[in-house]
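Take a look at the letters that make up each chain.
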Amino acid sequence: MLFTDQSADIISVSTLNRMARSLLENGLPPQWIGGEISNLTLAASGHAYFSLKDASAQVRCVMFRQRLSRLAFTPREGMQVELRGTVTLYEARGDYQIAVDTMREAGLGRLFEAYDRLRRRLAEEGLFDEARKRALPSHPRAIGIVTSPAAAALRDVVTTLRRRMPSIPLVLYPTPVQGSDAGRQIAQAIATASRRGEVDVLIVCRGGGSIEDLWAFNEEAVARAIVACRIPVVSGVGHETDTTIADFAADRRAPTPTAAAELVSPSRDAMQFQLERSRRALIRALSRLITDKQQRLDFCARRLAHPGERIRAQHRQLEQANSRLRYLIHARLTLARSRSDALAKRLRRPDLAARAARLRALETHLAQHATAAGSARQLQLARLEAALEAMNPHAVLSRGYAIVRNDHGETVRGVEQLSNGEHVTLQLAHGEAGARIELARGAQGQLPF
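As the structure is a computational prediction, the values presented were derived from the model and not from experiment.

Enquirer: Any chance you could explain the sheet that holds strand 9 (residues 233–237) here in plain terms?
Expert: Pairing between the strands of a sheet is mediated by backbone hydrogen bonds and can be parallel or antiparallel. An order of 7-6-8-9-10 is seen for the 5 strands of this open sheet, with the pairing classed as parallel. Bordering the open sheet on either side are strand 7 (170–174) and strand 10 (252–253), each of which pairs with just one other strand. Both strand 6 (residues 143–147) and strand 8 (residues 201–206) contribute to a ladder of 4 bridges, which runs parallel. Counterpart to V146 in the pairing with strand 8 is V204. Sheet strands touched by helix 4 (residues 152–164): strand 6, strand 7 and strand 8. Its angle to strand 6, the strand with the most contacts, is close to 165°.

Set out below in structure tokens:
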């Protein structure tokens, strides 16, 4: 018997399994498959291994930890589920299996389809447009809560609000949040809050649960009530992974009821911290302002001179000028006498006596002129003193006049600056007095009687 060498056509088991895996993964697209969970094992790694079976067949399945953690429920032995995944092969053992991407409880497919149809229809109507949504008030005067009085979500919201800002009043609009008629009653509670208008922002919330538990918040009536509400609405339904139609319709969506309470309420501690910072900044600003004004006042005080001081300064200048004039006159007279005496000695002429008499007459005339000039300066000084004294406002006040100032400290110069009932201040020669304008009229006005 002859054997031919066909070693080139022989492949390893690993290669075969790899080829089979590639054929399965590329040849079969991901599918939704329904069945019962059996042989469930939750490994220490966090992965789930189980079989999906029906009345006549079964297939092995694996769901890795990251995918498993996103489920809203915990898979259990014997549970009827619908899963979607990729058909693959575990090469090490040659086991055919499904790598599960997502899973839902059996019968939820119809709910998801209804949810998606309603979401698309309301989105096309513009109910979810961001331009329609309103900003939340930064400091609400009152906060409304739409939920069940027995819900744990209510306790979480109230605890959070009391911790952050206990002074804000809370108004509960009670309603069932689960059941066949819950959607209609939730919509009525939202409409009641909108009609009363007693709160500035509204929280619509409940705790987590299955899609059936949260279905009331996927109803069209709830979405339209949120959109029609005149008060900004924050939805806090379920856990972070839960998304309902109410979340799309609300002005803001919070991942949990506690997060919704944090969204609508300012933090008392943060406000107190900011207030203290503002108070300190204001004190520093006022201190700088007062210091600057004090320095400016000191500068103005140094520049301000009393009218009497100006008169005394001018009087000193006149006395100095008078002294200089007398000195110059005396020097001129002395020089004239010296020249006269020198000429008299040189001339020795008979008319020397006449010239001397003429010089003495000139000297007398010069002295008289100097005296007259000094008297004129003295008279001018007296006139200046009288003029300055007449300009002194205190001298005018001493004659019975008063200076009128308004509330801003401005001097009133005409009746057009006054109005009836206005309070003014009268500065008198000795002290000040307050007054109120009963009748303001012009110089040519007539009394109304």
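Enquirer: Would you mind showing me how to read the layout of surface pockets here?
Expert: Left-over empty space is what a probe sized like a water molecule reveals as it rolls over the atoms. Here the largest pocket defines a volume of roughly 590 Å³. In terms of lining, the largest pocket is formed by 22 residues, of which the most central are A72, F112, I211, T241 and D242. Those elements that place two or more of their residues in the lining of the largest pocket are strand 5 (95–105) and helix 3 (108–125). Considering only residue class, the lining of the largest pocket consists of 10 nonpolar, 7 polar and 5 charged. Viewed by domain, the lining of the largest pocket spans two of them, domain 1 (13–106) and domain 2 (127–270), each represented by three or more residues. Roughly 360 Å³ of internal volume is contained in the second largest pocket. In terms of lining, the second largest pocket is formed by 16 residues, of which the most central are L333, A336, R337, S340 and L359. For the lining of the second largest pocket, the secondary-structure elements that each account for two or more residues are helix 10 (307–347) and helix 11 (352–391). Counting residues per element, the lining of the second largest pocket draws most heavily on helix 10, at 10 residues. Residue composition of the lining of the second largest pocket, grouped by class: 9 nonpolar, 1 polar and 6 charged.

Enquirer: Quick question: what am I supposed to make of the side chain of Q97 here?
Expert: For Q97, the location among the structural elements is in strand 5. Since its relative accessible area comes to 13%, Q97 is described here as buried. Contacts of Q97, omitting those with residues within four sequence positions, involve R60, V62, T86, V87, T88 and Y90.

Enquirer: Is there a simple way to think about the pattern of salt bridges in this case?
Expert: Two side chains carrying opposite charge are able to pair once their charged atoms lie near each other. All told, the structure shown has 20 salt bridges when counted by the stated rule. The salt bridge partner of R121 is E125, with a shortest N-O separation of 3.8 Å. Taken together, the residues R121 and E125, both in helix 3 and 4 residues apart, mark about one turn of the helix. A relative accessible area of 37% means that R121 is categorised as partly exposed. Within the structure, one salt-bridge network assembled from shared partners comprises R121, E125, E220 and R224.

Procedures and definitions
- Residues numbered from 1 in each chain as written.
- Predicted model: local features only at pLDDT ≥ 70, side-chain atom pairs only at ≥ 80, totals over all residues.
- Heavy atoms only, no water.
- Pairing = 2+ DSSP bridges.
- Helix = DSSP H or I, 4+ residues; strand = E, 2+ residues; numbered from the N terminus.
- Contact = heavy atoms within 4.5 Å.
- Axes fitted to C-alpha atoms, helices over the stretch in contact; angles between N-to-C directions.
- 1 Å grid on protein atoms, 1.4 Å probe; cavity = no way out; pocket = protein on both sides within 12 Å on 5 of 7 lines; lining within 4 Å.
- Points joined across faces, edges and corners; volume = space filled by probe spheres on them.
- Nonpolar A, V, L, I, M, F, W, Y, C, P; charged D, E, K, R; others polar.
- Domains from an automatic or database assignment.
- Buried < 20%, exposed > 50% of the residue type's maximum accessible area, 1.4 Å probe, protein only.
- Salt bridge = Lys/Arg side-chain N within 4 Å of Asp/Glu carboxyl O.

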